[in-house]
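What follows is each chain in one-letter form.
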Amino acid sequence: MSKELLNGTDISRIISRIAHEIIERNRGCTGLCIVGIQQGGVQLAGRIVEKIRSIENVDVPSASLDISFYRDDLGIRKTQPVVRKTHMPVDINGKTIILVDDVIYTGRTVRAAMDALMDFGRPAQIQLVVLIDRGHRELPIRPDYVGKNVPTSKSEDIRVFLEGRDQDDKVCIQSA
């Protein structure tokens, strides 16, 4: 059984709010780089970059990060992860990195992303954006910007559908 939590309009509003929060917290866009975690985080990062451009008339550098080989469960997974592209066209040394993912759950994906980022340099700061925070953290990682908090049971799953990768923008919760 699946229940829709957010529709396209909701997601657009969330992206707009988060873009404004990023600008406000960082007192503008100087020194920022927005990095999306493959796969859903990359599309959200792109939308945040576009929204910031429309608000501030500034092009914030962006990148995409694949964390497949930084995962701590490689040896115990039944299937091997799909490796996607990392594209890091900017020097991240001394920059404020805005790391973007669609859902945060245990925190292990974010930990892997931070490890991967350190292979590219030493950022001044890393801030975390998530569309959905579903709880159940196993690591002490907390997002700086949250679209929506959705308390879940461990038997439930959050599915994020984004236009361009999927048919329509929406977020659904599914029972296992």
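All values reported here derive from a predicted model rather than from experimental measurement.

(A) Quick look at the nonpolar core. Ranked by internal contacts, the top residues of the largest apolar core, which has 30 residues, are Ile22, Ile34, Ile48 and Ile52. Among residues more than four places away in sequence, those in contact with Ile52 are Ala19, Ile22, Ile23, Cys29, Ile34, Asn57, Val58 and Val60. Cys33, Met88, Ile92 and Ile97 belong to the second-largest nonpolar core, a separate cluster that totals 21 residues.

(B) Spatial organisation of the state of the cysteines. Tallied over the full model, the rule gives zero disulfides. Not part of a disulfide, Cys29 finds its nearest cysteine sulfur in Cys33, a span of 12 Å. The class for Cys29 is buried, based on a relative accessible area of 11%.

(C) How the structure looks around the pattern of salt bridges. Applying the stated criterion across every chain yields a total of nine salt bridges. A salt bridge links Arg17 to Glu21; the shortest N-O distance between them is 3.3 Å. Of this pair, Arg17 and Glu21 both sit in helix H1 (residues 8-25), four residues apart, roughly one helical turn. Take Arg17: its relative accessible area is 32%, and that puts it in the partly exposed class. With a relative accessible area of 27%, Glu21 lands in the partly exposed category. Residue Asp59 is joined to Arg53 by a salt bridge in which the shortest nitrogen-to-oxygen separation is 2.3 Å. With a relative accessible area of 56%, Asp59 lands in the exposed category.

(D) Summary view of H1. The end-to-end C-alpha separation of H1 is 26 Å, in line with the 26 Å expected for 18 residues at 1.5 Å each. The backbone nitrogen of Thr9 has a side-chain oxygen 3.0 Å away, supplied by the residue at the start of H1, namely Asn7. Among the residues trailing H1, Arg27 stands out with phi positive, at a value near 50 degrees.

(E) Region of the structure containing the sheet that holds strand E8 (residues 170-175). The three strands lie next to each other as E1-E8-E7, forming an open sheet whose pairing is antiparallel. Each end of this open sheet is capped by a strand with a single partner; those strands are strand E1 (2-7) and strand E7 (156-161). This sheet shows a mean twist of 20 degrees between the axes of neighbouring strands, independent of strand direction. Summarising the sheet, E7 and E8 pair through six bridges and their orientation is antiparallel. Within the sheet, the bridge partner assigned to Arg159 lies in E8 and is Cys172.

How each quantity is defined
- Residues numbered from 1 in each chain as written.
- Predicted model: local features only at pLDDT ≥ 70, side-chain atom pairs only at ≥ 80, totals over all residues.
- Heavy atoms only, no water.
- Core = buried A, V, L, I, M, F, W, Y, C linked by side-chain atoms within 4.5 Å.
- Buried < 20%, exposed > 50% of the residue type's maximum accessible area, 1.4 Å probe, protein only.
- Contact = heavy atoms within 4.5 Å.
- Disulfide = S-S within 2.5 Å.
- Salt bridge = Lys/Arg side-chain N within 4 Å of Asp/Glu carboxyl O.
- Helix = DSSP H or I, 4+ residues; strand = E, 2+ residues; numbered from the N terminus.
- Expected span 1.5 Å × (residues − 1).
- Polar contact = N/O pair within 3.5 Å; in protein donor to acceptor, adjacent residues only side chain to side chain.
- Pairing = 2+ DSSP bridges.
- Axes fitted to C-alpha atoms, helices over the stretch in contact; angles between N-to-C directions.

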